[in-house]
Amino acid sequence: MEDYLRRSMERYGESVYRLALCRLRSVPDAEDVCQDVFLRLLRKGDPAWDEERTKAFLLRCAVNRCADLGRQRQRRRESPWEELPDRPAEERDEARALWEAVGQLPPPQRTVIHLHYGEGYATGEIAAILRIPAATVRTRLYRGREKLRELLGGDYEL
């Protein structure tokens, strides 16, 4: 079980963290979510699961834990951008503007935008992870993209 946990953390730790950061917009809260999610995997996971099932379980747990934190804590104002890796200033500014705009979306739209563009999931896969109809995922993606275009000046392409 220890090897399974270690492998899962190496493979999916960044995905869980990015999803939590996208949802919560707080580095400490995202780190707490990661820790809680992998503890849950340790208790409820099964080394016999294939990689896709393990990743889906982790992302589903992350979404649930983020929702729990949202209900339990009042949001602290902290910038997730303080830990951006070094990149050229122009690219960093563009990424910051985009993800700050994503952060202004309602949580349901923010989550599907992140899972689709940040993690590369198809709408059917997102629907399975979030346990919602695929049509709802497509609607949230559409509305999220429209809102992002509005926030970013209308001509921004996703």
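Undergrad: Where do I start with the state of the cysteines in this structure?
TA: Disulfides are covalent bonds that link the sulfur atoms of two cysteine residues. Going through the model one piece at a time under the given rule, you end up with zero disulfides. The structure places no disulfide on C22, whose sulfur is separated from the nearest cysteine sulfur, that of C66, by 9.0 Å.

Undergrad: Sorry, what's going on with a nonpolar patch on the surface here?
TA: A cluster of nonpolar residues, M1, L39 and L42, forms a patch on the protein surface that exposes about 240 Å² of accessible area. The topology assignment puts L42 in helix 2 (residues 27-44).

Undergrad: Would you take a moment to explain the confidence of the model for the protein for this structure?
TA: Parts of the model with low pLDDT should not have their predicted coordinates read in detail. Here the protein shows a mean pLDDT of 82. Residues at 70 or above account for 82%. When mean pLDDT is compared element by element in the protein, helix 7 (residues 134-152) scores highest at 92, while helix 4 (residues 89-103) scores lowest at 71.

Undergrad: Any chance you could explain the packing of helix 6 (residues 123-130) against helix 7 here in plain terms?
TA: Packing of helix 6 against helix 7 brings their axes to within 8 Å, and their N-to-C directions diverge by 110°. Here helix 7 runs roughly perpendicular to helix 6, going by the angle between their axes. Here helix 6 runs over helix 7; the crossing is right-handed. In this structure, helix 6 uses T123, I126 and A127 to contact helix 7, whose residues at the interface are A134, V137, R138 and L141. Residue composition of the contact of helix 6 with helix 7, by class: five nonpolar, one polar and one charged.

Undergrad: Even after reading the chapter, I still don't get the packing of aromatic side chains, so can you show me in this structure?
TA: The description of an aromatic ring pair uses the distance of the two centres, along with the angle that the planes make with each other. Counted according to the given criterion, the structure contains one aromatic pair. For the ring pair W49 and F57, a centre distance of 5.1 Å and an interplane angle of 55° mean the geometry is tilted. Comparing W49 with F57, the two get one shared label, buried.

Undergrad: Explain the pattern of salt bridges to me, please; I cannot follow it from the model alone.
TA: For side chains of opposite charge, pairing can occur when their charged atoms come near one another. Applying the stated criterion across every chain, the model contains seven salt bridges. Of the charged contacts, one joins R11 and E51 as a salt bridge, the two residues approaching to 3.4 Å between their closest N and O atoms. One end of the pair, R11, is in helix 1 (residues 2-24); the other, E51, is in helix 3 (residues 51-72), and 40 residues separate them in sequence. Residue class for R11 comes out partly exposed when judged on its relative accessible area of 45%. A salt bridge links R149 to E146; the nearest nitrogen and oxygen atoms lie 2.9 Å apart. Highlighted residues: R149 and E146, both in helix 7, separated by three residues, approximately one helical turn.

Conventions adopted
Residues numbered from 1 in each chain as written. Predicted model: local features only at pLDDT ≥ 70, side-chain atom pairs only at ≥ 80, totals over all residues. Heavy atoms only, no water. Disulfide = S-S within 2.5 Å. Patch = residues over 30% accessible without salt bridge, like charges linked within 9 Å, V, L, I, M, F, W, Y side chains within 5 Å. Areas by Shrake-Rupley, 256 points an atom, 1.4 Å probe, with all protein chains shown as cover. Salt bridge = Lys/Arg side-chain N within 4 Å of Asp/Glu carboxyl O. Helix = DSSP H or I, 4+ residues; strand = E, 2+ residues; numbered from the N terminus. pLDDT = per-residue confidence, 0-100. Axes fitted to C-alpha atoms, helices over the stretch in contact; angles between N-to-C directions. Parallel < 35°, antiparallel > 145°, perpendicular 65-115°, else oblique. Left-handed = near helix turned anticlockwise from the far one by under 90°. Contact = heavy atoms within 4.5 Å. Nonpolar A, V, L, I, M, F, W, Y, C, P; charged D, E, K, R; others polar. Phe/Tyr/Trp six-rings, centres within 6.5 Å; stacked < 30°, edge-to-face > 60°. Buried < 20%, exposed > 50% of the residue type's maximum accessible area, 1.4 Å probe, protein only.

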